[in-house]
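Spelled out from the first residue to the last, the chains are:
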Amino acid sequence: MSILSLFLTKYQRVQEISSCWIKTHGIKGMTLVLKKTAIILITVILWLSGSYSVVIANPETTADSNIIPGTRMSKETARIQGRKPTISAPSTHQPDAVDINRVSAVEGKFTPVDTLKLIYDYYDEDGDVDKSTVNWFYTLEGVDYPIPDAVNTLADHSTSGSSMVTLPPQAEGASAIKARIQVASAYGYPNIGKLITINEMSQSNTHITAEKLTMATGGIFLATDNPHAGSGAQDYTLPGAPNLIIGETYLFRAWNDDNKNRVWDTNETDITRNLKKIQWILNGNNVMAVRSKSPSILDKRAVSGAITDQYTIPINSRSKSGALAGDQGFNLMVEFN
């Protein structure tokens, strides 16, 4: 039954009641009838325009609903979704690609302690942050084995993401190195992008940049400063650096200085373990230490036995400089390749 039909039915019923009342009680009782009729009409109108509309709009709506009387509610849409995250190679901006840098102790051959670094630019049109994962494998006799302990750095709006591994001893003789990167964002819907597999890394592949160690930069750091890429630790080889102190242990670190600023920045590869030679050297004169005595002059004197990545400056009696004041007054440096 329509709303109009229902209204007319109610109104006709009111008229019938009024006619019967006049016949029975006369015209004097009509005033009371009219008052009652008015109340009935108002009630019917409010019922039809208000509560009844709500029931029609949503039969399950209860009295405390937030729906405004007289309005209707549409059905809900499907979920709102964003766009999938993507990556590209920083060097070429090619989509679904990465850059691979390789530092090899023996050119053209995979050996333990070789390092490989995968670099990518991350992009998400909706602003979701990077949560991509990278897994590395080495291939030996046709079987892929996982490479553990990858150092992964997520991308942000200003820097590339990366993943770096050092080949383990088990990878000796590997025919290829593979990497798989699952592009993903930390949140968003959907948050999973493409799974990209890099299978081209072979011993003779030209896509891998075999970086020469002669292009590396080396620095000397205080061991307790825990130097690493992006740590901001003081490099004592830089101009204006403080003096070194007897009894302290210092570390030598070499890295690929991608931007050639001589600072060990975030994401720059540590290649210290790839070095074939480390030799600590004393250089210069010790006039500041001996005062009026005859100073000693050392022209890049190798410190006997100091061939690891760390050196503790000894007291005078244990110094191998042959000078009166031991290592005091000289400059420290490292020869490496």
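Structural data are supplied above this passage.
To keep things clear, this report deals only with the structure shown in the data block. In this numbering scheme, every chain counts its residues from 1 along its sequence in written order. Residues qualify for local features only when their pLDDT is at least 70, as the model is predicted, and side-chain atom pairs are given and counted only at 80 or more; totals for whole chains, interfaces and linings, by contrast, use all residues. Here the side-chain values reflect all heavy atoms present in the structure, with hydrogen atoms and water set aside.

## So, the overall build of the chain
Strands are runs of DSSP state E lasting at least two residues, helices are runs of H or I lasting at least four, and both sets are numbered from the N terminus onward. Looking only at helices and strands, the chain has 4 helices and 16 strands in total. Note on classification: 1.4 Å probe, protein chains only; a residue is buried when its accessible area is under 20% of the maximum for its type, exposed when over 50%, partly exposed between these limits. Across the 337 residues in the chain, those meeting the buried criterion constitute 37%. Only heavy atoms matter for contacts: two residues are in contact if any of them lie within 4.5 Å across the pair. Restricting to contacts in the chain with at least 6 residues of sequence separation, those with at least 24 account for 61%. The Shrake-Rupley method, run with a 1.4 Å probe sphere, supplies the accessible areas, and residue values consider only the shown protein chains as cover. With an accessible surface of roughly 20,700 Å², the chain has 55% of that area assigned to carbon and sulfur atoms.

## Looking at the sheet that holds strand E11 (residues 217-222)
Think of it this way: DSSP has to see at least two bridges between two strands before they count as a pair. With antiparallel pairing, 3 strands are arranged side by side in an open sheet as E11-E12-E15. Bordering the open sheet on either side are E11 and strand E15 (310-312), each of which pairs with just one other strand. Neighbour-to-neighbour, the strand axes of the sheet open up by a mean angle of 25 degrees, direction not taken into account. The sheet contact formed by strand E12 (residues 249-255) and E15 spans 3 bridges and is antiparallel. From the neighbouring strand, Tyr250 faces E15, where its bridge partner is Tyr311. Between N-to-C directions, angles cover 0 to 180 degrees, with each direction set by a line fitted to C-alpha atoms, over the stretch in contact for helices.

## Notes on the side chain of Thr115
Structurally, Thr115 is set in strand E3 (residues 115-123). Not counting residues up to four positions away in its chain, the partners in contact with Thr115 are Asn101, Arg102, Val103, Val165, Thr166, Thr269, Asp270 and Asn274.

## A short note on the pairing of strand E2 (residues 99-103)
Successive side chains on a regular strand alternate, one facing one side of the sheet and the next facing the other. Counting buried residues along E2, 5 of its 5 residues qualify, which places the element largely inside the surrounding structure. Every second residue of E2 is oriented toward a common face, with Asp99, Asn101 and Val103 on one face and Ile100 and Arg102 on the other, all of them buried. Note that E2 and E3 share 5 bridges and pair antiparallel. Pairing of Asn101 across the sheet is with Lys117, part of E3.

## Notes on the sheet that holds strand E14 (residues 297-302)
Strand pairing in a sheet takes place through backbone hydrogen bonds and is either antiparallel or parallel in direction. Taken in spatial order, the 3 strands make up an open sheet running E14-E13-E16, and their pairing is antiparallel. Two strands close off the open sheet at either side, each with one partner strand: E14 and strand E16 (331-336). Mean inter-strand twist for the sheet, computed between neighbouring axes without regard to direction, equals 20 degrees. When strand E13 (residues 278-285) meets E16, the two strands line up antiparallel, connected through 6 bridges. Bridge pairing in E16 places Leu282 opposite Leu332.

## Remarks on the packing of aromatic side chains
Stacked, tilted and edge-to-face are the three classes applied to pairs of Phe, Tyr and Trp rings, where Trp contributes its six-membered ring and a pair requires centres within 6.5 Å; stacked means planes under 30 degrees apart, edge-to-face means over 60, and tilted covers the rest. Counted under the stated rule, the structure contains 7 aromatic pairs. When the ring of Tyr138 is compared with that of Tyr145, the centres are 5.4 Å apart and the planes differ by 25 degrees; the resulting orientation is stacked. Its relative accessible area of 35% is what places Tyr145 among the partly exposed residues. Every member of this aromatic cluster is reached through a ring pair, and the members are Phe221, Trp255 and Trp264.

## Let's talk about the pattern of salt bridges
One speaks of a salt bridge when a side-chain nitrogen belonging to Lys or Arg is within 4 Å of a carboxyl oxygen belonging to Asp or Glu. On inspection of all chains with the given rule, the structure shows 7 salt bridges. Of the charged contacts in the structure, one is a salt bridge between Lys194 and Asp96, with a shortest N-O distance of 2.8 Å. With Lys194 in strand E9 (residues 192-202) and Asp96 in the loop between strand E1 (86-88) and E2, this residue pair connects regions lying 98 residues apart in the sequence. You can call Lys194 exposed: its relative accessible area is 51%. Among the ionic pairs, Lys277 bridges to Glu335, the shortest N-O distance being 3.5 Å.

## Observations regarding the pairing of strand E8 (residues 176-184)
Counting buried residues in E8 gives 7 out of 9 residues, a clear majority hidden from the surface. Of the strand pairs in this sheet, strand E4 (residues 133-140) and E8 are connected by 7 bridges, and their pairing is antiparallel. Looking across to E8, one finds that Trp136 is bridged to Ala179.

## Description of the nonpolar core
With 23 residues, the main nonpolar core has Ile87, Leu118, Tyr120, Trp136, Ile177 and Ile181 as its most contacted residues. Among the elements of the structure, E3, E4, E8 and E9 are those that each provide at least two residues to this core. Every residue in contact with Leu118, bar those within four places of it in the chain, is listed here: Val98, Asp99, Ile100, Val134, Trp136, Gly161, Ser162, Ser163, Ala179, Ile181 and Ile198. For this analysis, a nonpolar core means a set of buried residues of the types Ala, Val, Leu, Ile, Met, Phe, Trp, Tyr and Cys, connected via side-chain atoms within 4.5 Å. Within the second largest apolar cluster, 22 residues are counted, among which are Tyr236, Phe252, Ile313 and Val334.

## A word on the environment of Lys293
Position of Lys293 relative to the elements: it lies in the loop between helix H4 (287-290) and E14. Its relative accessible area of 51% is what places Lys293 among the exposed residues. When the C-alpha positions of Lys293 and Leu324 are compared, they lie 9.0 Å apart, and in sequence the two are 31 residues distant.

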